[in-house]
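A structural walkthrough
As a plain string of letters, each chain reads:
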Amino acid sequence: MTAGYGVDFGVRPPQEHGPQLRVDLTIWGQRGSRVKSVWVRTGGLTSAAALLALSLAGCAALGGKPAPLDTFELSAPQIDMHGHSRRQILIAQPSALKALDSQNIVIKPADGSIQYLKGAQWADRLPLIVQARLAETFQRSGSFAGVGKPGEGLAIDYQVIVEVRTFEVRVDGGEHAEVDLFVRILNDRNGEVRASKSFTESAPVSGGGNAAYVGALDNAFGQAAKDIVRWTDSVI
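Computed from a prediction, not measured in an experiment: that's the story for all the values here.

A few words on the overall build of the protein. Looking only at helices and strands, one finds three helices and 13 strands in the protein. The proportion of buried residues among the 236 residues of the protein is 39%. Nonlocal contacts in the protein, meaning residues at least 24 apart in sequence, comprise 64% of its contacts between residues at least 6 apart. Of the roughly 13,200 Å² of accessible surface on the protein, a fraction of 50% belongs to carbon and sulfur atoms.

Next up on the list: helix α2 (residues 126-141). Between the first and last C-alpha of α2 there are 23 Å, a value that for 16 residues agrees with the 22 Å anticipated at 1.5 Å per step. Most of α2 is tucked away: twelve of the 16 residues are buried. For α2, the full list of buried residues reads Leu126, Pro127, Ile129, Val130, Gln131, Ala132, Arg133, Leu134, Ala135, Thr137, Phe138 and Ser141. Immediately beyond the C-terminal end of α2, within one or two residues, lies glycine 142, with a positive phi of roughly 70 degrees.

What the rule picks out here adds up to four aromatic pairs. Consider the rings of tryptophan 122 and phenylalanine 167, whose centres lie 6.1 Å apart with planes at 80 degrees: the pair is edge-to-face. Taken together, the residues tryptophan 122 in strand β9 (residues 120-122) and phenylalanine 167 in strand β11 (residues 158-170) connect sequence positions 45 residues apart. Tryptophan 122 gets classed as buried once you look at its relative accessible area, which sits at 1%. Ring plane angle 65 degrees and centroid distance 5.4 Å describe the contact between phenylalanine 199 and tryptophan 231, whose orientation is recorded as edge-to-face. Taken together, the residues span a long stretch of sequence, with phenylalanine 199 in strand β13 (residues 193-204) and tryptophan 231 in helix α3 (residues 210-235) at a distance of 32 residues. The same class applies to phenylalanine 199 as to tryptophan 231, namely buried.

Along the chain, glutamate 168 falls in strand β11. Despite its burial, glutamate 168 remains without a salt bridge, the nearest opposite charge being carried by lysine 108 at 4.0 Å. Those residues within four positions of glutamate 168 in sequence are excluded, and the remaining contacts are Val106, Lys108, His176, Ala177, Glu178 and Leu217.

Cut-off values and rules
- Residues numbered from 1 in each chain as written.
- Predicted model: local features only at pLDDT ≥ 70, side-chain atom pairs only at ≥ 80, totals over all residues.
- Heavy atoms only, no water.
- Helix = DSSP H or I, 4+ residues; strand = E, 2+ residues; numbered from the N terminus.
- Buried < 20%, exposed > 50% of the residue type's maximum accessible area, 1.4 Å probe, protein only.
- Contact = heavy atoms within 4.5 Å.
- Areas by Shrake-Rupley, 256 points an atom, 1.4 Å probe, with all protein chains shown as cover.
- Expected span 1.5 Å × (residues − 1).
- Phe/Tyr/Trp six-rings, centres within 6.5 Å; stacked < 30°, edge-to-face > 60°.
- Lys, Arg positive; Asp, Glu negative; His and termini not counted.
- Salt bridge = Lys/Arg side-chain N within 4 Å of Asp/Glu carboxyl O.

See below:
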């Protein structure tokens, strides 16, 4: 919604006395425009100064345009593998608690307390980014006949089911990123869990600013992703 205004300096309302000005506000919406006249006491201000004050108040009421957020992604690490399996695997959408299942980047100042990195966000919900980059890491390994996500039509042998338990930057006692991914390998033929394991990695924050925090998270995730791929190859 946008607002425009016109000013009439020559008219005074009959029931009021003292310096005033009338402002016609034009409110634009999906169903057209609506004009509303309001009378403002200037309190000794010049007409131009009173109009400037009203304009600033109107902008605040309508809401100023928010500053753009720094938007970040994770990367899929390079991985060298020598074996090749005929198995086809599916990377299911990871699960996570609400604090992690969003575009917010989690900062942990102390145990039992979380905050979000100011002025920054993930490019998508964190579990979706983890899923996409983990699938890419499996594909880069070249160790599996097929790697896909739900809806891609692969005949699946095993599902890789991930729970995002920790994905945060700790700022107490030295800044570092911590990532904890709990993984289960599910036989898609009979529904049995073939193996399960928790993968925990950390990485120091080097430098300052939002990019440094996210860089540490990316490094920790990259190491965890490579370990998950190698472990999966060994158990199936």
